[in-house]
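These are the residues of each chain, in order.
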There are 2 protein chains.
Amino acid sequence: MTKYESIFQEVNLASRKLIGISDAKINQVLEDLAGLAISQTDFLISENQKDLDRMSPTNPMYDRLLLNPTRIQNIANELLQVSTLPSPLQHVLEKKTLENGLSIEKITVPLGVIGVIYEARPNVTFDVFALALKSGNGLILKGGSDAESSNRAIIKVIHEILVKHGLPTTAFQLLPAERESTKALLEAVGYVDVIIPRGSQGLINFVRENAKIPVIETGAGIVHTYVDETADLEKAKAIIFNAKTRRPSVCNSLDCLIVHESLLEKLDELVAPLVDNEVEIFADSSSFQALKSDPKIQLANETHFGTEFLSLKMSIKTVSNMGEALDHIAKYSSKHSEAIVSENQEAIDRFLMEVDAAAVYANASTSFTDGAQFGLGAEIGISTQKLHARGPMGLAELCSYKWVVRGNGQIRK
Amino acid sequence: MTKYESIFQEVNLASRKLIGISDAKINQVLEDLAGLAISQTDFLISENQKDLDRMSPTNPMYDRLLLNPTRIQNIANELLQVSTLPSPLQHVLEKKTLENGLSIEKITVPLGVIGVIYEARPNVTFDVFALALKSGNGLILKGGSDAESSNRAIIKVIHEILVKHGLPTTAFQLLPAERESTKALLEAVGYVDVIIPRGSQGLINFVRENAKIPVIETGAGIVHTYVDETADLEKAKAIIFNAKTRRPSVCNSLDCLIVHESLLEKLDELVAPLVDNEVEIFADSSSFQALKSDPKIQLANETHFGTEFLSLKMSIKTVSNMGEALDHIAKYSSKHSEAIVSENQEAIDRFLMEVDAAAVYANASTSFTDGAQFGLGAEIGISTQKLHARGPMGLAELCSYKWVVRGNGQIRK
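Here the structure is a predicted model, which is why all the values come from computation and not from measurement.

Caption draft 1: View of the packing of helix α3 (residues 41–53) of chain A against helix α7 (residues 148–164) of chain A. Residues and elements named next belong to chain A. Interhelical geometry of α3 versus α7 gives an angle of 155° and a closest axis separation of 7 Å. Looking at the two axes, α3 sits roughly antiparallel to α7. For the pair α3 and α7, the contacting residues are Phe43, Leu44, Glu47, Asn48, Lys50 and Asp51 in the first and Glu148, Ser149, Ser150, Arg152, Ala153 and Ile154 in the second. Counted by class, the contact of α3 with α7 contains four nonpolar, three polar and five charged residues.

As structure tokens, then:
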């Protein structure tokens, strides 16, 4: 047994004990952890500083890595928020009694052991622990090596609270930051029930390529909004501007505007707020012709479609009908969030039915794709696959179910 | 693009059209297919004979491969049965209206494209087609090479019905029987949404090791029944006999009897019906001592635990308390079906809560783990994993969902 395997086995064994912990106790643990995180602010910040010292302040990851008193307060607030949510466990999803008297119930249970692989965002360590504990799951964390000191400090604080409440620290472990531990985790068949990667497309691709256990892919959003010939242009203008500029770095932000060709003469007006706000635009040939009087507009090439920009950049595709818009989306979308702006009910219904994405919108900004907006209470990520969970994943999505059958001697003929 | 990739792309594109087909039309297709399967009995049997001619009649697969008029009638009946089930699509799972007037609905949709890899069971070809069509999913089939002529004949019959109804045959395709096509299917990222292997543990292991897309593991059942010190021995005797002998070749059949040590003196009585029916018993040292007057009882070694026998064989493990029984199950179970026989309500509740399996039973035979028994109407397999679907999988488990958001210009602050 490798050193990793013994960790995986330990977590797996300890996770079996979590199902017996009352929700009241879990909530108390989370409240106490929020308090301890704040009282240990100095310790957390000084350990975080060790990581920051090893990174250049111009590295885009620097800001994500940084902990400060405000951020620790926000983390504590999120721990308290999770403690106020209803337990996702022991819900009866179905119930029936067979003619022979056998009672069958389908009830929610923890997934078991969750593996989370993430980059240099130490807040994820607290965040994911809270969701795992609340849903009765064991947890194996593999954080980025850039955040090793921060993560070690955070797990120390978490373990301190677990010990105080007599709960098994072995159910929640942080793997060594070395690269080999990721590979071992991805192959921990029999010990780990699901892997959730949180981070860049490169990380997600690596996980998909190497995992021998089920993975939930989260994150990547190549997002389109189609403005058809019947669209209310004022609504369209506001929706596009909001979807692109509200938080360009998040996955629900707009990447490609699709316009019906009949709107080309009003296109400059539609994109004016974007141009005024320094959004770089890559226009296909038709839309480029319509916009080229503005020297800031660039001609798109193939690489500008199917790209998640995560910044103030956007491509434009011109179509002559809905079918072309649907085909473009089917070809380039990452099936995260897709929208239509239209006043034609038939077109709206067709779009909402035929577009295959976690969230499909009519006449609204794709910025709403978010666990809190959808009423999930907390979010571990936004799934872009179709198995198990799609779109924002909350506590319910960290659960499985089992069939509980009670009899008094029934046998099957 | 490889020859396989163009097939995958074709299925993926065509599958997008399936969501627009009415349930009434789908049911008509299934009814017509049932009729055509029967009227083409001679053709199907003669093509099946070509496969049978290449296999030795003593091969255990021979019987599974065989088609005859009765079996084709059964297949037709199953097609008709699927046509009577309610559509699993367009169900509203959740519905809410945000304060800003945004309407959000969570509705069921097809998974997209399902890949099924199976061995020499030609009935699976009809079976899986019916479930895929009914749930709006495209389908890529990879059958065993031993059944190639049979499968080609069946897909020809299926395509004939699709053409008659003006539906795209390209949405339902059978891959060439060559081995490379399996590997290609397992790597069809972006085209296939889920792979379901149906067959031996070896096949399932191969799929798990090589798939780059989500897999639902089905089948393997290493099943225990624990008889505790309070058990009603008559119930226990009947339950054990039924779970072991009703259909020993299926996944819900009993593999290991766990007995409390206080029952050792009555163990011979408990297992007498099994011994009388030629069940080979591998007993651990304590139970062997109790049973050794019977020369047919064998002493178990480690390999007899954690084995799915799929035949008239069973191991016995002796424990001195519930904790040991739970540990034994956690160590060796495949998380399929697990049972306790007990008259102690506290012990029952603990067992049902702590045992991690798709189906957990008190005082009943594990033979009931089955889609029809659980009321699912039809079954594509029994999942032994915890993501997406657990236990028997029916039409609902071949669906995902999407969030449909309707607004009138809403943007997010």
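Continuing now.
Caption draft 2: Representation of the nonpolar core. Grouped together as the largest cluster of nonpolar side chains are 192 residues, with contacts concentrated most on Leu79 and Ile195 of chain A together with Ile195 and Val405 of chain B. Discounting residues that sit within four places of it in the chain, Ile195 of chain B has contacts with Gly115, Ile117, Leu185, Leu186, Val207, Ala211, Ile213 and Val215 of chain B. Among the nonpolar cores identified, the runner-up in size contains 58 residues, and Val404 of chain A together with Phe282, Ala300 and Phe368 of chain B belong to it.

Caption draft 3: Geometry of the domain arrangement of chain A. Residues and elements named next belong to chain A. In terms of domains, chain A is made up of domain 1 (3–218 + 380–406) and domain 2 (223–368). Averaged C-alpha coordinates put domain 1 and domain 2 at centres separated by 36 Å. Across the boundary between the two partners, domain 1 contributes five residues, which contact six residues of domain 2. Its residues assigned to classes, the side of domain 1 that touches domain 2 shows one nonpolar, three polar and one charged.

Caption draft 4: Region of interest: the sheet that holds strand β4 (residues 138–142) of chain A. Residue and element names in this part refer to chain A. Across the sheet, four strands lie side by side as β5-β4-β3-β6; this open sheet has parallel pairing. Pairing within the sheet leaves two strands with one partner each, and these edge strands are β5 (172–174) and β6 (194–198). For this sheet, the mean angle separating the axes of adjacent strands, direction not counted, is 15°. Where β4 meets β5, three bridges bridge the pair, whose relative direction is parallel. Residue pairing for β5: Ile140 is matched across the bridge by Gln173. Against the sheet, helix α6 (residues 123–134) touches β3 (113–118), β4, β5 and β6, its axis set at about 165° to β4.

Caption draft 5: Quick look at the sheet that holds strand β3 (residues 113–118) of chain B. All names here are of chain B. The strand order across the open sheet formed by four strands is β5-β4-β3-β6, and the pairing between neighbours is parallel. On the outer flanks of this sheet lie β5 (172–174) and β6 (194–198), each paired with one strand and no other. Geometrically, the sheet is characterised by an average inter-axis angle of 15° between neighbouring strands, direction not taken into account. Sheet analysis places β3 next to strand β4 (residues 138–142), joined by five bridges and oriented parallel. Across the sheet, the residue bridging to Val113 is Gly138, located in β4. Taken strand by strand, helix α6 (residues 123–134) contacts β3, β4, β5 and β6, and its axis lies near 165° from that of β4.

Thresholds, definitions, all that
Residues numbered from 1 in each chain as written. Chains lettered and ligands numbered in written order. Predicted model: local features only at pLDDT ≥ 70, side-chain atom pairs only at ≥ 80, totals over all residues. Axes fitted to C-alpha atoms, helices over the stretch in contact; angles between N-to-C directions. Helix = DSSP H or I, 4+ residues; strand = E, 2+ residues; numbered from the N terminus. Parallel < 35°, antiparallel > 145°, perpendicular 65-115°, else oblique. Contact = placed C-beta atoms within 7 Å. Nonpolar A, V, L, I, M, F, W, Y, C, P; charged D, E, K, R; others polar. Core = buried A, V, L, I, M, F, W, Y, C linked by C-beta atoms within 7 Å. Buried ≥ 20, exposed ≤ 12 C-beta atoms within 10 Å, placed from the backbone. Domains from an automatic or database assignment. Pairing = 2+ DSSP bridges.

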